[in-house]
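Examining the three-dimensional arrangement
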Amino acid sequence: DTEVTQTPKHLVMGMTNKKSLKCEQHMGHRAMYWYKQKAKKPPELMFVYSYEKLSINESVPSRFSPECPNSSLLNLHLHALQPEDSALYLCASSQGSQGQKNSPLHFGNGTRLTVT
Amino acid sequence: ILNVEQSPQSLHVQEGDSTNFTCSFPSSNFYALHWYRWETAKSPEALFVMTLNGDEKKKGRISATLNTKEGYSYLYIKGSQPEDSATYLCAPLNTGGFKTIFGAGTRLFVKA
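Residues numbered from 1 in each chain as written. Chains lettered and ligands numbered in written order. Predicted model: local features only at pLDDT ≥ 70, side-chain atom pairs only at ≥ 80, totals over all residues. Heavy atoms only, no water.

1. Quick look at the overall build of chain A
Which entries qualify depends on this criterion: Put simply, DSSP marks the helices as runs of H or I at least four residues long and the strands as runs of E at least two long, and each gets a number from the N terminus on. Our radius of gyration is a C-alpha quantity, and the globule rule it is checked against amounts to 2.2 Å times the number of residues to the power 0.38. Exposure categories follow from relative accessible area, calculated using a 1.4 Å probe and restricted to protein chains: below 20% of the type maximum is buried, above 50% is exposed, and the middle band is partly exposed. Here a residue-residue contact requires only that any non-hydrogen atoms of the pair lie within 4.5 Å.
For chain A, the count of helices and strands is zero helices and eleven strands. If you list the helices and strands of chain A from N to C, you get β-β-β-β-β-β-β-β-β-β-β. Relative to the 2.2 N^0.38 estimate, which gives 13 Å for 116 residues, the radius of gyration of chain A is 13 Å and therefore close to what a compact globule would have. Overall, chain A is about 40 × 30 × 25 Å in size when its C-alpha atoms are taken along their principal axes. Sorting the 116 residues of chain A into buried and exposed places 49% on the buried side. Taking the contacts inside chain A whose residues are at least 6 apart along the sequence as the reference set, 56% of them involve residues at least 24 apart.

And the structure:
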C-alpha cells in the first residue's frame, strides 16, 4: 500500500468539463509533485511544490492548474482538456525540496484520466 | 540533466540468471541518482539513493554502483526471480535543475 493517496483512481471527462485530481500524504513531506505518464514512457514532471509554494512548472499548458492548500494536500484542476491529455497522472512527495540528496520520491497509485 | 540513457530497453532472462543494466548521464553538475522499481499496475518505488562516486548499495539480491566521473550507474540482480519482473528507472538529479528526470527504463522479464 502506498502512503500517498490519489483520488479518483479513474476519471473520464469531456473536453468541456472541469474536474480535479486530488493527492494526500501524511508523512510530513514538504515537497509534492505532479507527473504525467503515457503508455510505455517514463513519468514526465509537470509541477513541483516546495513548502506549499509552486517552485517548478515544466511549461505545462494552462488547462492544467495545480493547487497546494496545505502541506498534506495537492490538487490538479483540469479544464478544457484535449484527448491527447489522456494519461496516468501520478502524484509524489518527498521529505524536502527536490534538492535534497537523500530524499527519493514516494508515489501514489495514480489517476487514470480519459478525455473524450 | 536531459541526456539520461538506459540500456538495454528490455531484457528477457530465465529464473536464476544474474543480470545487469546501465544508466548513463552527463557527469557535469551531478548531485544524486535514484533507482526506482516500477511494477505493472503499481507506482514506482525507490530502490537506491546514490550520491558519492564509488557508492555501492545493496538490497537483498539487488545492488547498484555509481561512477560520477564517467557518468554511469549499474544495477545488478543476482539470481533473478519472476517477482523481479518490472521496469527499472534511473533518475539522476543535477545541482542546476533540482528535478527528478527519469530515464526511459529497462523492462525486465524473468521467466520461471
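2. What to know about the sheet that holds strand β10 (residues 106–111) of chain B
All names here are of chain B. Selection criterion: Between any two strands, pairing holds if DSSP finds at least two bridges. For helices, the fitted axis covers only the stretch in contact; all axes are lines through C-alpha atoms, and the angles between them, taken along N-to-C directions, range from 0 to 180 degrees.
Taken together, the five strands give an open sheet; going across it, the order is β2-β10-β9-β4-β5, and neighbouring strands pair in mixed fashion. The sheet terminates laterally at β2 (10–14) and β5 (45–50), the two strands that pair on one side only. Strand-to-strand twist across the sheet, computed as the mean angle between neighbouring axes with direction ignored, equals 20°. Examined bridge by bridge, strand β9 (residues 86–94) and β10 share three bridges and lie antiparallel to one another. Its bridge partner being in β10, Tyr 88 is matched across the sheet by Thr 106.

3. Brief notes about the interface of chain B and chain A
As a reminder, the rule being used: Two parts lose some accessible area (1.4 Å probe) when they are put together, and adding that loss for both gives the buried area. Any Lys or Arg side-chain nitrogen found within 4 Å of a carboxyl oxygen on Asp or Glu counts as a salt bridge. Polar contacts, as used here, are pairs of N or O atoms within 3.5 Å; protein pairs need one atom able to donate a hydrogen and one able to accept it. Residues neighboring in sequence count only if both atoms are side-chain atoms.
The interface of chain B with chain A comprises 19 residues on the first partner and 20 residues on the second. A buried area of about 1700 Å², summed over both sides, lies between chain B and chain A, and 64% of it is on carbon and sulfur atoms. Counting the contacts that link chain B with chain A gives zero salt bridges. Applying the counting criterion to the chain B and chain A interface returns four residue pairs in polar contact (both at pLDDT 80 or more). When contributions to the side of chain B that touches chain A are tallied by element, the ones reaching two or more residues are β4 (30–38), β5 and β9 of chain B. Residue contributions to the side of chain B that touches chain A peak at five residues, all from β4 of chain B.

4. A look at the pairing of β10 of chain B
All names here are of chain B. On β10, burial follows the alternation: Thr 106, Leu 108 and Val 110 on one face are buried, whereas Arg 107, Phe 109 and Lys 111 on the facing-out side are not. The sheet contact formed by β2 and β10 spans five bridges and is parallel. Within the sheet, the bridge partner assigned to Leu 11 lies in β10 and is Leu 108.

5. Examining the pairing of strand β6 (residues 53–57) of chain A
Residues and elements named next belong to chain A. In the sheet, strand β5 (residues 44–50) pairs with β6 via four bridges, with the strands oriented antiparallel. Bridging from a neighbouring strand, Ser 50 pairs with Lys 53 of β6. Between the end of β5 and the start of β6, which pair antiparallel, lie two residues, with Tyr 51 showing a positive phi angle near 50°.

6. Details of the sheet that holds strand β3 (residues 19–24) of chain B
Residue and element names in this part refer to chain B. Read across the open sheet, the five strands follow the order β1-β3-β8-β7-β6; overall the sheet is antiparallel. Across the chains shown, the open sheet's two edge strands, defined by having one partner strand only, are β1 (5–7) and β6 (56–59). On average, adjacent strands in this sheet sit at an angle of 15° to one another, irrespective of strand direction. The pairing of β3 with strand β8 (residues 72–77) spans six bridges and is classified as antiparallel. From the neighbouring strand, Thr 19 faces β8, where its bridge partner is Ile 77.

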